[in-house]
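# Summary of the model geometry
Residue-level listing of the chains:
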Amino acid sequence: MTKTTSAAVPVLGVRALNRATLDRQLLLRRSALSAGAAVHRLLGLQAQNVKPPYYALAARLDGFVPEALSALMADREVVRIVSMRSTIHTHTADDCLTLRPFVQPARDRELTHFRKGLAGVDLDRLAGLARDLVEAEPRTMAHLREALHAVWPEADPASLAVAARCRLPLVQVTPRGLWGRSGQVALTTAEHWLGRPAEPAPAPDDVVLRYLAAFGPASVKDMQTWAGLTRLRDAFERLRPRLLVFRDEQGVELFDLPDAPRPDPDTPAPPRFLPEFDNLLLSHADRTRVIPPEQWGRSWQGNQAHRTLLVDGFLAGVWRREPDALVVEPFTDLTRRQRREVLEEGERMLSVLHPGESPDIRFGRVRAARD
């Protein structure tokens, strides 16, 4: 529901925010975009594990086949790199060379947590040595630890490797990340892998506009959560004359692009099977637009995230693949219609990502909050 305050600032209810975000995230209806265009539009895909980007695109794109993303990765048009929130993302080559510099202040700040293990280490020299090593031949983190520890034997080996990852834009080379393939994590610099130099970090204003296009309407804190950065308020203020301003039901100021879609809150939202760590669930400070308060914390356990199910646009359960079945564990009882739609969406997902297989799709017990 959209209301207005006494100051005539429109208020967006939770369902209005949900439908707007789902639309931007290509989850309200599947898009005809290519895999590469979708990765660009979405500002990258969470890729802590190998398979999530493929599941993320299967939920969002019409006609997607996993080989489409795999081919882009093999051709070095998309890459896997640590970027937002110090986590691995799949980015287009262009975004890799610009968004990584944009979030570099967060990587520099991350290094402060390793001060003790890096006492006496010249970080500029470390970055130069690490660059020479990985550009001569892709190296694992273990190789980096060993080589850098030989130069700084008093330092903590793990901290040395983390410093190299923070100071340099290190991408995971293929076959890591290819669909149906396996391979250990081996690293080289983005510039070396892509055959061109890194570009200057984009202006914060430009990234704000792209963030709003993919995740808006959103607050300053929302974008800061997505990027892992602070001090983005100035960029929003510079853009204020070009943006629409709303408030959520708690009074938090939200910004949006004037021509961005904001569907009716009652727009139907079909079920969607999402991978673990999908950006939809991680890219706002206030996640109630997707995660009902009563479901908070139920999509992960410790450091392990579950694959998630959306019903009516909101987190409604988790799922997993077993050798002979796709098992869905809802958080509450589903209606007969909802169960039928979830089954249909599960069948579609399996046909896209696992053609030729015919496992059962079954509902497990309703997953109680204490689980």
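Above this text is the structure in question.
What comes next is a walk through the structure. (Residues numbered from 1 in each chain as written. Predicted model: local features only at pLDDT ≥ 70, side-chain atom pairs only at ≥ 80, totals over all residues. Heavy atoms only, no water.)

## What to know about the sheet that holds strand S10 (residues 272-274)
Here is the rule: Being paired, for any two strands, means DSSP has found at least two bridges between them. To qualify as a helix, a DSSP run of H or I must reach at least 4 residues; to qualify as a strand, a run of E must reach at least 2; elements of each kind are numbered from the N terminus. Helix axes are fitted to C-alpha atoms over the stretch in contact, other axes to C-alpha atoms as well, and angles between N-to-C directions run from 0 to 180 degrees. In this description, contact between two residues means that some pair of their heavy atoms is separated by no more than 4.5 Å.
The sheet built from five strands is open, its strands ordered S10-S13-S14-S15-S16 with mixed pairing. The sheet terminates laterally at S10 and strand S16 (360-363), the two strands that pair on one side only. Between one strand axis and the next, the sheet turns through 30° on average, direction left out of account. Contacts between helix H3 (residues 52-60) and the sheet are confined to S10, strand S13 (307-311) and strand S14 (314-322), with S10 contributing the most and set at about 165° to the helix.

## Details of the pairing of strand S4 (residues 78-82)
Rules: In this scheme, a residue with accessible area under 20% of its type's maximum is buried, one over 50% is exposed, and one in between is partly exposed, where area comes from a 1.4 Å probe on protein chains only.
The buried fraction of S4 amounts to five of the five residues, a majority that puts the element mostly inside the structure. As defined by bridge partners, S4 adjoins strand S5 (residues 88-92) across five bridges and the pair is classed as antiparallel. When the bridges of S5 are listed, Val-78 appears paired with Thr-92. In this antiparallel pair of consecutive strands, S4 and S5, the connection spans five residues, and Arg-85 shows a positive phi of 60°. With two bridges joining them, S4 and strand S6 (residues 170-172) adopt antiparallel strand pairing. Paired with Ile-81 across the bridge in S6 is Val-171.

## Brief notes about empty space enclosed by the protein
Stated formally: Put simply, the grid is 1 Å and covers the protein atoms alone, a cavity is a trapped set of points that fit a 1.4 Å probe, a pocket is an open set with protein on both sides within 12 Å along at least five of seven lines, and lining residues have an atom within 4 Å of a point. Grid points are joined across faces, edges and corners, and a volume is the space filled by probe spheres set on the points. Only Asp, Glu, Lys and Arg are considered charged in this grouping, and only Ala, Val, Leu, Ile, Met, Phe, Trp, Tyr, Cys and Pro are considered nonpolar; every other residue, Gly among them, is considered polar.
Enumeration according to the criterion identifies one cavity of 30 Å³ or more in this entry. The computed volume of the largest cavity comes to approximately 50 Å³. Looking at the largest cavity, the residues that line it are Gln-25, Gly-44, Leu-45, Gln-46, Pro-52, Ala-56, Arg-60, Pro-275, Phe-277, Asp-278 and Asn-279. Among the elements of the structure, strand S3 (45-46) and H3 are those that each provide at least two residues to the lining of the largest cavity. Per element, the largest residue contribution to the lining of the largest cavity is three residues, and it comes from H3. Residues that form the lining of the largest cavity fall into these classes: five nonpolar, four polar and two charged.

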